[in-house]
Amino acid sequence: GNSTGTFTGTLLTAASGTTVSPRLVVTKGDVVTMQIAEASPNRTLTKTLASQYLGDLSSTFNVLLPGGTLFVTLSDADLNANTNLAETVSTVIVTSQNSGQRESVTLTETGSNTGVFIGVLETRPDPARAGDFTGAMHVVAGAVLTVSYQDTAPARLIERMVRVSTVG
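This section reports on the structure supplied with the text. (Residues numbered from 1 in each chain as written. Predicted model: local features only at pLDDT ≥ 70, side-chain atom pairs only at ≥ 80, totals over all residues. Heavy atoms only, no water.)

### Overview of the pairing of strand β13 (residues 155-164)
The side chains of a regular strand alternate between the sheet's two faces.
Part 1: Bridge analysis of strand β6 (residues 63-64) against β13 gives 2 bridges, and the strand direction is parallel. Within β13, the position partnered with L64 by the bridge is V164.
Part 2: Sheet topology places strand β12 (residues 144-152) next to β13; 9 bridges connect them, and they run antiparallel. In the strand pairing of β13, S148 is matched with E159.
Part 3: Linking two consecutive strands that pair antiparallel, namely β12 and β13, is a turn of 2 residues. (Pairing = 2+ DSSP bridges. Helix = DSSP H or I, 4+ residues; strand = E, 2+ residues; numbered from the N terminus.)

### Structural notes on a nonpolar patch on the surface
Part 1: Taken together, the side chains of L11, L24 and M34 define a hydrophobic patch exposed on the protein surface, amounting to about 250 Å² of accessible area.
Part 2: The partly exposed category is assigned to L11, whose relative accessible area is 46%. (Patch = residues over 30% accessible without salt bridge, like charges linked within 9 Å, V, L, I, M, F, W, Y side chains within 5 Å. Areas by Shrake-Rupley, 256 points an atom, 1.4 Å probe, with all protein chains shown as cover. Salt bridge = Lys/Arg side-chain N within 4 Å of Asp/Glu carboxyl O. Buried < 20%, exposed > 50% of the residue type's maximum accessible area, 1.4 Å probe, protein only.)

### Points about the environment of P127
Part 1: Mapped onto the elements, P127 comes out in the loop between β10 (116-125) and β11 (136-139).
Part 2: When its relative accessible area of 70% is taken as the criterion, P127 is described as exposed.
Part 3: As a C-alpha pair, P127 and H138 span 11 residues in sequence and 6.6 Å in three-dimensional space.

### Re unusual backbone geometry
Part 1: A positive phi is found at N113, a non-glycine position, where the angle reads about 65°.
Part 2: Relative to the helices and strands, N113 is located in the loop between β9 (102-109) and β10.
Part 3: We classify N113 as partly exposed; its relative accessible area is 44%.
Part 4: Unlike most non-glycine residues, F133 shows phi in positive territory, near 55°.
Part 5: Within the secondary structure layout, F133 lies in the loop between β10 and β11.
Part 6: Relative accessible area serves as the criterion here: at 43%, F133 is assigned to the partly exposed category.

### Points about the pairing of β9
Part 1: Judged by which residues are buried, β9 turns out to be one-sided: E103, V105, L107 and E109 face inward and are buried, whereas R102, S104, T106 and T108, on the alternate face, are not.
Part 2: With 6 bridges joining them, strand β8 (residues 88-96) and β9 adopt antiparallel strand pairing. Paired with T95 across the two strands is R102, which belongs to β9.
Part 3: Once β8 ends, the chain turns through 5 residues before running back antiparallel as β9, passing G100 with a positive phi of about 85°.
Part 4: Pairing geometry for β9 and β10, over 2 bridges, is antiparallel. Paired with T108 across the strands is I118, a residue of β10.
Part 5: In sequence, β9 turns back onto β10 through a hairpin of 6 residues, with N113 there showing a positive phi of about 65°.

This is the structure:
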């Protein structure tokens, strides 16, 4: 084909503890350095990358009853800073699309070195908007809640929607 001077390729990776071949096994914090040697001009180009894990956010219910409990699960190996203990993070925000009320969900790692965090948010069957960050979301049937997590490595906003159902 045409000589464009552009070369592309893919380096497949796998998490440590796995044996997927042919993949480069990386662990959180590992640095991968790639080098390309050019003949003309005579030089070596270097690119360094740090391993990152994209978080995954889910709730146990796509539909929630007023007064019910919202269960939130966040999987993100980047948040597992200490492999010897179960950590706590407050990185998930729930916002009512109807009232604008916002609540933070505190998540606790399911065990040491899991990278999986769970937490709950209580709701109150009350149409009056409560203040932000009071510990409980005031909801009515038909309301929509947005569960948000801002992942920092790689930088990406992850959101899930939960609908508040009618009772009955």
